Amino acid sequence: MATQATAQRRFSFLQIAITLQTLTIFLQAVSAGLLLTSPYGETLHSVGARVMYGASVLYVLAAVLAWKPGGGSPRPIWHASGFLVLASVQVVLGIAHIPLVHLPLGVLMFGLSVLALARR
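Criteria and cut-off values
- Residues numbered from 1 in each chain as written.
- Predicted model: local features only at pLDDT ≥ 70, side-chain atom pairs only at ≥ 80, totals over all residues.
- Heavy atoms only, no water.
- Helix = DSSP H or I, 4+ residues; strand = E, 2+ residues; numbered from the N terminus.
- Buried < 20%, exposed > 50% of the residue type's maximum accessible area, 1.4 Å probe, protein only.
- Contact = heavy atoms within 4.5 Å.
- Axes fitted to C-alpha atoms, helices over the stretch in contact; angles between N-to-C directions.
- Parallel < 35°, antiparallel > 145°, perpendicular 65-115°, else oblique.
- Left-handed = near helix turned anticlockwise from the far one by under 90°.
- Nonpolar A, V, L, I, M, F, W, Y, C, P; charged D, E, K, R; others polar.
- Core = buried A, V, L, I, M, F, W, Y, C linked by side-chain atoms within 4.5 Å.
- Patch = residues over 30% accessible without salt bridge, like charges linked within 9 Å, V, L, I, M, F, W, Y side chains within 5 Å.
- Areas by Shrake-Rupley, 256 points an atom, 1.4 Å probe, with all protein chains shown as cover.
- Salt bridge = Lys/Arg side-chain N within 4 Å of Asp/Glu carboxyl O.
- Expected span 1.5 Å × (residues − 1).
- Arc of directions from axis to C-beta.

A. How the structure looks around the environment of Thr22. Within the secondary structure layout, Thr22 lies in helix H1 (residues 2–37). For Thr22, a relative accessible area of 7% puts it in the buried group. Separated by 87 residues in the primary sequence, Thr22 and Met109 have C-alpha atoms spaced 8.6 Å apart. Contacts of Thr22, omitting those with residues within four sequence positions, involve Phe110, Ser113, Val114 and Leu117.

B. Structural detail: the packing of helix H2 (residues 41–67) against helix H3 (residues 75–95). Relative to each other, H2 and H3 sit at 165 degrees, their axes nearing to 8 Å. In this view, H2 runs roughly antiparallel relative to H3, as classed from their interaxial angle. With respect to the hand of their crossing, H2 and H3 are arranged in left-handed fashion. Between H2 and H3, the contacting residues are Met52, Tyr53, Ser56, Val57, Tyr59, Val60, Ala63, Val64 and Trp67 on the first element and Pro76, Ile77, His79, Ala80, Ser81, Phe83, Leu84, Ala87, Ser88 and Val91 on the second. When grouped by side-chain class, the residues that make up the contact of H2 with H3 number 15 nonpolar, four polar and no charged.

C. Main features of unusual backbone geometry. Even without being glycine, His97 reaches a positive phi, approximately 55 degrees. Its place among the elements puts His97 in the loop between H3 and helix H4 (99–119). Its relative accessible area of 65% is what places His97 among the exposed residues.

D. Representation of the nonpolar core in the model. In this structure, Leu14, Ala17, Ile18, Tyr59, Val60, Ala62, Ala63, Ile77, Ala80, Phe83 and Ala116 together form the largest nonpolar core, which totals eleven residues. The biggest single contributor to this core is H2, with four residues. Every residue in contact with Leu14, bar those within four places of it in the chain, is listed here: Tyr59, Ala62, Ala63, Ala66, Pro76 and Arg120.

E. How the structure looks around the side chain of Gln28. Its location among the elements puts Gln28 in helix H1. By relative accessible area, which is 11% here, Gln28 ends up buried. Those residues in contact with Gln28 that lie beyond four places of it in its chain are Leu44, His45, Gly48, Ala49 and Met52.

F. Local environment of a nonpolar patch on the surface. A contiguous nonpolar patch, built from Leu23, Phe26, Leu27, Val30, Phe110 and Val114 and spanning about 490 Å² of accessible area, is present on the exposed surface. When contributions to the nonpolar patch are tallied by element, the ones reaching two or more residues are H1 and H4. Among the elements that take part in the nonpolar patch, H1 stands out by supplying four residues, more than any other.

G. A look at H4. Taking 1.5 Å of rise per residue, the 21 residues of H4 would be expected to cover 30 Å, and the 30 Å separating its terminal C-alpha atoms lies within 8% of that figure. Along H4, the positions that sit buried rather than exposed are His102, Leu105, Gly106, Met109, Ser113 and Ala116. Seen from one end, H4 has its buried residues packed into an arc of 110 degrees, which puts them on one side. H4 presents Leu100, Leu103, Val107, Ala118 and Arg119 as exposed residues on the side facing more than 90 degrees away from its buried surface.

Here it is as structure tokens:
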């Protein structure tokens, strides 16, 4: 019985991590709009990028913690690691000011994150 409660807690942590990641990616889209229309948009988008990256790292940590003790499928770790790679590329593209790739990648990341959230 204790194992089931522990598994539920890990599942919840994974669910929270995916939700947080999805929310931060959505807020990045909002701050990107502010970037074009207000003087504080650049600061907000820059801070949001750091938070979004942190949420992606948290997603990897949650996936590892959900897998390791229970011996379940490592598939969520691959998904979370893929998001971390995408987040890293997104940050580099943003710093390099390459919106031609940065914007569509952000849309793709949001769609994939919503998909991962729906699967949980």
